[in-house]
Amino acid sequence: MSAVFTGGNITPSQMTAAVKNQLHELCDKALSDIIDLFPNVHTVVGIGRYTEDRAKRICKNKAKEYKIKYMMHPSPRNPEASKNWAATATESFQDYGLL
């Protein structure tokens, strides 16, 4: 995979299809392997809609059923999302019964 790194965020919509497919393959396998390391986990939280979608795709192929939850992503592109993110994340985890 080759890319030019400028120090800024690169979102999936800015990637070529070939690069995006390589990224999905590598990251999906890594996430799947991590989920498998924790057999007692029943909930996966995607930070941002993109990761929520990837987690849904990965977990639907697993033998066991997972709850997939969403948490807002603290993005420099959306300063409102970054305000009080720690409190927002804590509240999300509490709402999902994970804290």
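Look up a bit, the structure's there.
This section reports on the structure supplied with the text. These numbers come from a predicted model, not from an experiment.

Regarding the pattern of salt bridges
Right, so step 1: This structure, assessed with the given rule, holds 6 salt bridges.
Right, so step 2: Across the salt bridge formed by D36 and K62, the nearest N and O atoms sit 2.8 Å from each other. With D36 in helix α1 (residues 17-36) and K62 in the loop between α2 (49-59) and β2 (67-71), this pair connects stretches of sequence that are 26 residues apart.
Right, so step 3: On the basis of relative accessibility, which here comes to 18%, the residue K62 falls in the buried class.
Right, so step 4: Here R49 makes a salt bridge to E52, at a shortest N to O gap of 3.0 Å. Linking R49 with E52, this pair stays in helix α2, spanning 3 residues, or about one helical turn.
Right, so step 5: Through salt bridges with shared partners, a single ionic network connects R49, E52 and K56.

Cut-offs used in this document
- All residue numbers refer to positions counted from 1 along the written sequence of the respective chain.
- In view of the model being predicted, local features appear only for residues whose pLDDT reaches at least 70, and side-chain atom pairs are presented and counted only at 80 or more, with totals across whole chains, interfaces and linings using the full set of residues.
- Think of the side-chain values as coming from all heavy atoms in the structure, minus any hydrogens and water.
- What counts as a salt bridge is simple: a side-chain nitrogen of Lys or Arg found within 4 Å of a carboxyl oxygen of Asp or Glu.
- A helix here means a DSSP run of H or I that spans at least four residues, while a strand means a run of E at least two residues long, and both kinds are numbered starting from the N terminus.
- Working definition: with a 1.4 Å probe on protein chains only, accessible area under 20% of the residue-type maximum means buried, over 50% means exposed, and in between means partly exposed.

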